[in-house]
Amino acid sequence: MYRILVSVVAIPAIIFITLQGGLVFLFFVLLLTILGMREFYKFAEVKGILPIRWLGMFCGTNLVAMFYSYNANGIMLFPVLESGFFILLLIAGVIELFRNKPSPLNNLSTTFFGILYVAGCFGALVGLREMNLLAPTNANSYIIIMLFATIWICDSSAYFAGKLFGKHKLFERVSPKKTWEGAITGFLMAVLFSIVARNNFLRFLSIYDAIFIGIIVGVIGQTGDLFESLLKREVDIKDSSTIIPGHGGVLDRFDSLLFVAPVVYVYFKVIS
């Protein structure tokens, strides 16, 4: 019941926020980034690793904001990011030196990977929404909504196909219930849905763009799902958190998108 009610409210809300773009979308993604990094760092703490939480979240939110500034206002991202990265290394090293916690190598590695995995990937989503495409108004919003829909189609198709006729395990060590039959069905449905969506609602995309998005969701998206399952299996938990009733945590709901968004962002950066 909770799962359905949350979906009824959340889906229109996400569509509205995506269409609004700008600071509304930025603040939404910043919230997801903070919650997602909190979940990721909790994974590490279960294993006795102590990342520098406040520093990771501070740098992560700034990274997302830099993606926004670069794509919305033309402020160069990478020179700033490059300088900031070396400053961050220095600060993190000094903090770890003085806080006297066990496993400093694990602590620092986890701190930085959390920034890259959660904030970097969510930042790419903001960049995709705000980049200047030679396409109709709000084209970026429609692409992101298409990504959400294609991921949902892929996940749902894989789930039901695997449940109905799945026999061959896809990656049993990580996710025992996922099957090759389900994964292949999810992949095919993602590509098919992308083409149908393009032909009916997103004519500004080329057929090659649509096929590319479908392939990325079908392959990279499912890989993102498996990767998050790997993290949860490592710490022996079912959901990354309980913040979304009936759905788990931010990482549970956006695991595929975290892997898909950077690839689609780079793709449109190259071709636009």
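The model shown is predicted, which means the values in this text are computed figures rather than measured ones. (Residues numbered from 1 in each chain as written. Predicted model: local features only at pLDDT ≥ 70, side-chain atom pairs only at ≥ 80, totals over all residues. Heavy atoms only, no water.)

Here we take up the overall build of the protein. When its secondary structure is counted, the protein shows nine helices and two strands. Expected size for 272 residues packed as a compact globule is a radius of gyration near 19 Å; at 19 Å, the protein falls within 12% of this value. Principal-axis analysis of the C-alpha atoms gives the protein an extent of 60 × 45 × 30 Å. Per-residue burial for the protein yields a buried fraction of 47% across its 272 residues. By element, 70% of the accessible surface of the protein is carried by carbon and sulfur atoms, the whole surface being about 14,200 Å². Across the protein, 21 positive and 16 negative side-chain charges occur, with their mean positions spaced 4 Å apart. (Helix = DSSP H or I, 4+ residues; strand = E, 2+ residues; numbered from the N terminus. Rg over C-alpha atoms; globule rule 2.2 N^0.38 Å. Buried < 20%, exposed > 50% of the residue type's maximum accessible area, 1.4 Å probe, protein only. Areas by Shrake-Rupley, 256 points an atom, 1.4 Å probe, with all protein chains shown as cover. Lys, Arg positive; Asp, Glu negative; His and termini not counted. Charge placed at Lys NZ, Arg CZ, Asp CG, Glu CD.)

Under the counting rule described, the total for this entry stands at six salt bridges. Among the salt bridges present, the one from Lys-178 reaches Asp-225, with a minimum N-O distance of 3.7 Å. In this pair, Lys-178 is assigned in strand S2 (residues 175-179) and Asp-225 in helix H8 (residues 207-235), connecting sequence segments 47 residues apart. Residue Asp-225 is classed as buried on the basis of its relative accessible area, which comes to 15%. A salt bridge links Lys-232 to Asp-252; the nearest nitrogen and oxygen atoms lie 2.9 Å apart. One end of the pair, Lys-232, is in helix H8; the other, Asp-252, is in helix H9 (residues 250-271), and 20 residues separate them in sequence. Taken as a pair, Lys-232 and Asp-252 share a single burial class, namely buried. Within this structure, Glu-228, Lys-232 and Asp-252 form a network of salt bridges that share partners. (Salt bridge = Lys/Arg side-chain N within 4 Å of Asp/Glu carboxyl O.)

Let us look at the confidence of the model for the protein. Summarising the model, the protein shows a mean pLDDT of 88, and 92% of its residues fall at 70 or more. Across the protein, element-level confidence peaks in helix H7 (residues 180-200) with a mean pLDDT of 95 and bottoms out in helix H4 (residues 78-99) with 77. (pLDDT = per-residue confidence, 0-100.)

Here the focus is the state of the cysteines. Within the structure shown, the criterion is met by zero disulfides. For Cys-121, which is in no disulfide, the shortest distance to another cysteine sulfur is to Cys-59 and amounts to 16 Å. (Disulfide = S-S within 2.5 Å.)

Glycine aside, residues mostly have negative phi angles, and peptide bonds mostly take the trans form. Although it is not a glycine, Ser-103 adopts a positive phi angle of roughly 55°. Looking at the secondary structure, you find Ser-103 in the loop between H4 and helix H5 (104-130). Unlike most non-glycine residues, Asp-236 shows phi in positive territory, near 60°. The residue Asp-236 is located in the loop between H8 and H9 in this model.

Moving on to a nonpolar patch on the surface. A grouping of Leu-90, Val-94, Leu-97 and Phe-98 is seen on the molecular surface, where their side chains present a nonpolar patch of about 480 Å² in accessible area. Examined against the element boundaries, Leu-97 turns out to sit in helix H4. (Patch = residues over 30% accessible without salt bridge, like charges linked within 9 Å, V, L, I, M, F, W, Y side chains within 5 Å.)

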